[in-house]
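# Inside the fold
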Amino acid sequence: MTEVSVFQIVRPFAWIAATAFAVGFAGYVAVGPAGSLHAPAAPTMAAASAGQNG
């Protein structure tokens, strides 16, 4: 019976995590930090205090 190290168990999951990170980071760079995926800005307190909230 052979001894199994923690590294041998974790290695496939590390490859999956590294690949997912690379794909996600490449997508983030392609879209850009100011891309259309971000939510619109929330109303500010200045607008609420000026009576513009309806």
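Reading the values: the criteria
- Residues numbered from 1 in each chain as written.
- Predicted model: local features only at pLDDT ≥ 70, side-chain atom pairs only at ≥ 80, totals over all residues.
- Heavy atoms only, no water.
- Helix = DSSP H or I, 4+ residues; strand = E, 2+ residues; numbered from the N terminus.
- Buried < 20%, exposed > 50% of the residue type's maximum accessible area, 1.4 Å probe, protein only.
- Areas by Shrake-Rupley, 256 points an atom, 1.4 Å probe, with all protein chains shown as cover.
- Expected span 1.5 Å × (residues − 1).
- Bend = angle between axes of the 7 residues up to and from the residue.

### Points about the overall build of the protein chain
Tallying secondary structure elements over the protein chain gives 2 helices and 0 strands in all. Every one of the 54 residues in the protein chain was classed for burial, and the buried ones make up 4%. Carbon and sulfur atoms form 71% of the exposed surface of the protein chain, whose accessible area is close to 5,100 Å².

### Details of helix α1 (residues 6-31)
With 26 residues, α1 should reach 38 Å at 1.5 Å per residue; the first-to-last C-alpha distance of 37 Å fits that figure. Of all bends in α1, the biggest is about 30 degrees, found at proline 12. One or two steps after α1, the chain reaches glycine 32, where phi turns positive at roughly 95 degrees.

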